[in-house]
Amino acid sequence: MPSPFADLIDLLHVLPPGDEGAVAAIRARDRQLTKPPGSLGELEALVEFLGRWQGKPSPTLDNPMVAIFAGNHGVTDQGVSAFPREVTAQMVANFTAGGAAVSQICALHELNLRVFELALELPTGDITQTTAMDDRMCAATIAYGMEAVAGKPDLLAIGEMGIGNTTVAAAIYAALYGGSGADWVGRGTGVDDAGLRRKADAVDRAIALHKDALDDPLAILARLGGREIAAMLGAIIAARQQKIPVIVDGFVATSAAAIAHAANPASIDHCLFGHVSAEHAHARVLDAMGKRPLLDLGMRLGEGSGAALAAVVVKTALHLHKNMATFSSAGVSDKG
């Protein structure tokens, strides 16, 4: 029988390249703006990032989207979270009602917020006792996540909601990079010391249970991950194919990118990492992938909040690039 992941593996390896001609055009305009070359630092690189992965010498942000993927996890039965998993659905309602932090960031800065619920009434399997998903369910969930770009955003910021998902993300990192559960777990939604020990123990038991089946990144995702993580991976894959740059949120969202990176490091070249989380292991993951975060604000909220703030910085960078005067239009002497 063919693997349910066969087509997805192809998409992770047959990748549209970045448009270096677009980058050259952006740099040519940048040299004409009324400022010393390079003086806007990372803001200049962000415009190049947009142009490279949109394939446009004049990038756009007419439809920037923040997508939140929500899923529930059987591992919460192990006492790994300070909150019950009913909070996932309650927070989804809060997102759509405008009461969450990410809702307010998006409203203030005109970012399109979309929330994708993933069978909240049916948690994934408890990874300390069984697989999170079978391969077919995992592949179907990845495919569902690919539909997130159906509205053709010109920038996609991805985030998540799911009580217990910092535990499954830590398990993914342990499987990908080695080490024990204690190396990868953090406080998440605010567990106490006993809760932190339960999280580390849950990760260790999950790795021991599944160790013979963790032979490739997609198998790791199916056995240890969550539906929201699988869907975020799908969104990353589809965005690359459709020339949409991506901003990845924090500790949990990065686990989706880490699966793609493990399959093919080039598959996340179109991804910007919006911030480094206060979850201590997030910086280690970014370092393992050779990625540098845009922001470091000590945040650990999830829900796409750090990615949304990074999108605001990207919007600012593009606004400057498009609307600053040139030396010629302003009558300012260039350095000659």
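Residues numbered from 1 in each chain as written. Predicted model: local features only at pLDDT ≥ 70, side-chain atom pairs only at ≥ 80, totals over all residues. Heavy atoms only, no water.

**Quick look at the nonpolar core**
Step number 1: Grouped together as the largest cluster of nonpolar side chains are 68 residues, with contacts concentrated most on F69, I142, L156, I158, L221 and L233.
Step number 2: With 10 residues, the single largest contributor to this core is helix α11 (residues 227-241).
Step number 3: Other than its neighbours up to four places away in sequence, L233 contacts I142, L218, L221, A256, I259 and A260.
Step number 4: Counting 35 residues, the second largest nonpolar core, distinct from the first, contains I26, V92, L295 and A310. (Core = buried A, V, L, I, M, F, W, Y, C linked by side-chain atoms within 4.5 Å. Buried < 20%, exposed > 50% of the residue type's maximum accessible area, 1.4 Å probe, protein only. Helix = DSSP H or I, 4+ residues; strand = E, 2+ residues; numbered from the N terminus. Contact = heavy atoms within 4.5 Å.)

**A look at the confidence of the model for the protein**
Step number 1: Looking at the protein, pLDDT values average 97 and 99% of them are 70 or higher.
Step number 2: The spread of mean pLDDT over the elements of the protein runs between helix α15 (residues 327-330), the lowest at 92, and strand β4 (residues 246-248), the highest at 99. (pLDDT = per-residue confidence, 0-100.)

**What to know about the pattern of salt bridges**
Step number 1: Tallied over the full model, the rule gives nine salt bridges.
Step number 2: In this structure, D135 and R223 form a salt bridge, with 3.2 Å as the shortest nitrogen-oxygen distance. Of the two residues, D135 sits in helix α6 (residues 135-146) while R223 sits in helix α10 (residues 217-224), which places them 88 residues apart along the sequence.
Step number 3: On the accessibility criterion, R223 (18% relative accessible area) is buried.
Step number 4: Taken together, the shared-partner salt bridges connect D30, K35 and E44 into one network. (Salt bridge = Lys/Arg side-chain N within 4 Å of Asp/Glu carboxyl O.)

**Brief notes about the sheet that holds strand β2 (residues 112-117)**
Step number 1: Pairing is parallel across the open sheet formed by five strands, whose spatial order is β2-β1-β3-β4-β5. The open sheet has two free edges, formed respectively by β2 and β5 (271-273), since each of these has just one partner strand. Strand-to-strand, the axes of this sheet are offset by a mean angle of 25°, without reference to chain direction.
Step number 2: By the bridge criterion, three bridges tie β4 to β5 in an arrangement that is parallel. Following the sheet pairing, V248 is matched in β5 by F273. (Pairing = 2+ DSSP bridges. Axes fitted to C-alpha atoms, helices over the stretch in contact; angles between N-to-C directions.)

**Here's the deal with helix α3 (residues 42-54)**
Step number 1: The terminal C-alpha atoms of α3 lie 18 Å apart, and with 13 residues this matches the ideal 18 Å at 1.5 Å per residue to within 8%.
Step number 2: Summarising burial for α3: 10 of the 13 residues are buried, a large majority.
Step number 3: Among all positions of α3, only E44, L46, V47, E48, F49, L50, G51, R52, W53 and Q54 are buried.
Step number 4: Buried positions along α3 lie against α2 (20-30), β3 (155-161), α11, β4, β5 and α14 (305-323). (Expected span 1.5 Å × (residues − 1).)

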